[in-house]
Every structure is written in C-alpha cells, then in structure tokens.
Amino acid sequence: MLRKRTAHIMRRLAIALSILVLPPFHLGHAQEDLAKDYPKRPIRIIVGFTAGGGNDILARLVGQRMFENSGQPVIVENKPGAGAIIATDYVARSAADGYTLLVGASGAIAINPAVYTKLSYAPLRDFMPVSLIASFPLILVVKASGPINSVGELIAYAKENPNKSNYASSSATFQLATELFKMKTGMPAEHIAYRGVGDSLVSIISGNALFTIADTATAAGQIKGGQVRALAVAAQNRLPEFPDVPTLAEAGVAGVDATIWTGFLVPAATPPAIVKKLQDEVARVVALPEIRERMKDLAVIPTASSSEEFAHIIAADIDRWTAVAKAGNIKIEP
C-alpha cells in the first residue's frame, strides 16, 4: 500500500509542477504538439537479456510494426547482465523524451525489488508504465534425450542424486520460481547462473544442468523441435499449444503459479502525451492478427493494457513476490 500511495503522490506532484510551469492553455497545446511531432527520429527499445530470449523476441515482434508509417525505425538493443538490472538502470537514467523504451519483464520490474537487498532503481518511482505486451506462464523442462519423463521422476532423481541436481537460471524471475518449486517439493538443486534464457536451455540440451524453469516464448521452439522435454506448466491451466503438458498442480506440486508478463516502460518524466501515443500504438500492433498468431505460436497471450492498469499490476506483483521471497528467506546480494 505504501508503494502505491508513494507512486500516486509522485504522479500528482509531477502534474502539479507541470501546471505551475505552463498555463493550462499553453500546456494543452504543448502536449498536442509533442504528440503530433512524435516520433521524429529513431526509437530505441532496450532489452535486458541476450538475443533470442522471450523478451527479445517479443520486443522485435512488436517493435518492427510500431510507427511503421512514420518513416522512423524502431531499433532493438540488447544490454544483458545482472538479471536485467544493467538495462533497467540504463533506461531509468535516459532522457525522458519517448525515444528510449525499456522492455520491462516481471523479473526486472516486480521480482528484483522483492529479492535484491540493494537495487539502483525503484520501478514505481523511476518509470512510467506504457503498456503490457504479453503474459505467459513458465514451463519446467529437462533434456529430451535424458531419462526423466515426469515431475515425479525429476524430484526422485534429485533426492537420490543431490550432487548431480542443479538448475539453470538467467534472472531472479526463474530463480525465485525454481526456489519456490524446491520449497514445495523438498528437492535439492544447486543454482547455475546464465546471461539469458537461451543460454539456460543450451545448458540443458548439453547436459550441463539438470533442469530449468523457462518462459514459454523462448522454450517453445526447443520443445517443438524435440531438444528439451516439457514436464509441467507453472500455471493454473494447461497451454493450448502444449495440451499434453500438465500443470504443476496436476503433476502433484501445488502452489507454484508463476505466470509472468512483459511490457514497455519509459523514464518517469516522459510527457503524458507521448506515453499515450506509445500506449495507443502498442494496442494497435498487439491487436494485429498476424502478431496475435505469432504470439500464439510462442505460447504467450497478447495482453495490451493502459498505463494505469500496468501500474496497478506492477504494484500488486511487487507485493506478491515480496511475500514469496520473505516466506522462503530468499535474498540476493548485488
């Protein structure tokens, strides 16, 4: 509640200050001019993970269709590292002019604040949400050619072979979900950190890690290609793309619902008229039939939203994951 009140107060303060600077008549015309002229140079979308991961795929999928009639390109830049903290901090400190967007995933925006003891940014202070892009559950996978065919077999193997039990993870999102899975099952597993989800999946295929909990957007291709085997979905319902893959609850592990999301955010002081234009453009692109079909192929759900709706989701998820981290005594030292 304190976070929500703080964010609300800061937005009210920003509006009040802008009104003091310009009379209402001039303010309205200035905002209209900003929106009318935007964009007039290339827009950059910053992704905090390596190329080929779920957030990178979605950024390119949506970004390539944004402002397609403006003559201005939308360029995706990858700045991986530190669980997307490097990229997130970079955008927080960028000019608030609408030309630098962050692909804000649950991990960087809602989960990092829950698990990191120190963080260089505060999502509700340093950013203005634009819109969600998509939501998707996480999926538990192992090497397809390995001997493990079910969640029960994975748990049994880990307990019988604790020295061989490890998991790959590229951010706090996947680590926290996996630690919750371990708590619910009592199985041991050592954490191995990677720079991106694609790298985590490669480690499973090569046999360097026993299992990983990954996002469906990244793992879908390897599952369909027979390189990794999906054991369960960390959601309340099965995925239409993988109807034979049970939920974790169906596999005997209740209480691990890890549906996550990704969306666009901009620095907090970005003019409201530009935020609104970005929001409307995201809604237009996400509604395109070819974009929705591609997202279906990736086993993700197209989920555009208003800026206000996105802000409420962020605040609620910070509280939810903070409670999970506290219950499991999960902390990450920077």
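It should be noted that the structure appears before, not after, this text.
Residues numbered from 1 in each chain as written. Predicted model: local features only at pLDDT ≥ 70, side-chain atom pairs only at ≥ 80, totals over all residues. Heavy atoms only, no water.

## A short note on the overall build of the chain
Counting its secondary structure elements, the chain contains 13 helices and eleven strands. Sorting the 334 residues of the chain into buried and exposed places 53% on the buried side. Here the analysis covers contacts within the chain between residues at least 6 apart in sequence; of these, 79% occur between residues at least 24 apart. Accessible surface, the chain as shown: approximately 14700 Å² in total, 56% of it carbon and sulfur. (Helix = DSSP H or I, 4+ residues; strand = E, 2+ residues; numbered from the N terminus. Buried < 20%, exposed > 50% of the residue type's maximum accessible area, 1.4 Å probe, protein only. Contact = heavy atoms within 4.5 Å. Areas by Shrake-Rupley, 256 points an atom, 1.4 Å probe, with all protein chains shown as cover.)

## Considering the layout of surface pockets
A volume near 280 Å³ is recorded for the second largest pocket. Looking at the second largest pocket, it is lined by 17 residues, and the ones nearest its centre are Pro137, Leu239, Pro240, Ala299 and Ile301. Secondary structure elements with two or more residues in the lining of the second largest pocket: helix H12 (289-297) and strand S11 (301-302). For the lining of the second largest pocket, the per-class residue count stands at eight nonpolar, four polar and five charged. (1 Å grid on protein atoms, 1.4 Å probe; cavity = no way out; pocket = protein on both sides within 12 Å on 5 of 7 lines; lining within 4 Å. Points joined across faces, edges and corners; volume = space filled by probe spheres on them. Nonpolar A, V, L, I, M, F, W, Y, C, P; charged D, E, K, R; others polar.)

## Some remarks on the environment of Ala96
Of note, Ala96 is situated in the loop between helix H4 (85-92) and strand S3 (100-105). For the pair Ala96 and Val266, spaced 170 residues apart in the sequence, the C-alpha separation amounts to 7.1 Å. For Ala96, the residues in contact, after removing those within four places along its chain, are Pro267, Ala269, Thr270 and Pro271.

## Focus on unusual backbone geometry
Looking along the chain, the bond that leaves Tyr38 and enters Pro39 is cis, with omega of -5°. Its location among the elements puts Pro39 in the loop between helix H2 (24-37) and strand S1 (43-47). Positioned with a positive phi, Phe67 is a non-glycine residue whose angle comes to about 50°. Within the secondary structure layout, Phe67 lies in the loop between helix H3 (54-63) and strand S2 (74-78).

## Observations regarding the sheet that holds strand S5 (residues 138-143)
Ordered by their spatial adjacency, five strands build an open sheet running S7-S6-S8-S5-S9, and the pairing between neighbours is mixed. Sheet topology places strand S7 (190-193) and strand S9 (228-234) at the edges, where each strand pairs with a single neighbour. Averaged over neighbouring strand pairs, the angle between their axes works out to 30° when direction is ignored. Helix-sheet contacts for helix H10 (residues 216-224) involve S5, strand S8 (211-215) and S9, and the interaxial angle to S8 is about 120°. (Pairing = 2+ DSSP bridges. Axes fitted to C-alpha atoms, helices over the stretch in contact; angles between N-to-C directions.)

## Here we look at the environment of Ala311
In this fold, Ala311 is placed in helix H13 (residues 307-327). For Ala311 and Met128, which are 183 residues apart along the polypeptide, the C-alpha to C-alpha distance reads 7.9 Å.

## A short note on the nonpolar core
One finds Met66, Leu154, Phe181, Phe211 and Phe264 to be the most contacted residues of the largest nonpolar core, which totals 111 residues. If near-sequence neighbours (up to four positions away) are discounted, Phe264 is found in contact with Ile45, Val62, Met66, Leu101, Leu102, Val103, Pro129, Val130, Ser131, Ile133, Val282 and Phe310. (Core = buried A, V, L, I, M, F, W, Y, C linked by side-chain atoms within 4.5 Å.)

## Section: the side chain of Asn112
With respect to the element layout, Asn112 can be found in helix H5 (residues 106-115). In this structure the side chain of Asn112 is engaged in a polar contact, spanning 3.2 Å, whose partner is the side chain of Tyr121. (Polar contact = N/O pair within 3.5 Å; in protein donor to acceptor, adjacent residues only side chain to side chain.)

## Re the sheet that holds S11
Ordered in space as S2-S1-S3-S10-S4-S11, the six strands form an open sheet in which the pairing is mixed. Taken across any chain shown, the strands that pair with only one partner, and hence form the sheet edges, are S2 and S11. Taken together, the eight bridges between strand S4 (residues 127-136) and strand S10 (residues 260-267) define a ladder with antiparallel strand orientation. Residue Phe136 lies in a different strand from S10, and its bridge partner there is Ile260.

## Considerations on the pairing of S7
Put simply, side chains in a regular strand alternate between the two faces of the sheet. Sheet analysis places strand S6 (residues 166-169) next to S7, joined by four bridges and oriented parallel. When the bridges of S7 are listed, Asn166 appears paired with Glu190. This β-α-β element, S6 to helix H8 (residues 172-185) to S7, shows right-handed connectivity. (Right-handed = clockwise from strand over helix to strand, strands pointing away.)

## Section: the pairing of S3
Of all six residues that make up S3, six are buried, and the element is covered over most of its length. Neither face of S3 is left uncovered, since the one carrying Thr100, Leu102 and Gly104 and the one carrying Leu101, Val103 and Ala105 both have all their residues buried. Examined bridge by bridge, S1 and S3 share three bridges and lie parallel to one another. Note on S3: the bridge partner recorded for Ile45 is Leu101. Two elements, S3 and S10, share four bridges in a ladder whose sense is antiparallel. For Gly104, the partnering residue across the bridge sits in S10 and is Gly263.

## Focus: the packing of H8 against H13
Between H8 and H13, whose axes approach to 11 Å, the crossing angle comes to 50°. Viewed along their axes, H8 and H13 adopt a mutual orientation that is oblique. In the packing of H8 onto H13, the handedness of the crossing is left-handed. Contacts between H8 and H13 pair Leu176, Leu180 and Met183 from the former with Trp321, Val324, Ala325 and Ala327 from the latter. Here the residues of the contact of H8 with H13 sort into seven nonpolar, no polar and no charged. (Parallel < 35°, antiparallel > 145°, perpendicular 65-115°, else oblique. Left-handed = near helix turned anticlockwise from the far one by under 90°.)

Read these as layout, nothing more, since geometry by itself doesn't imply function.
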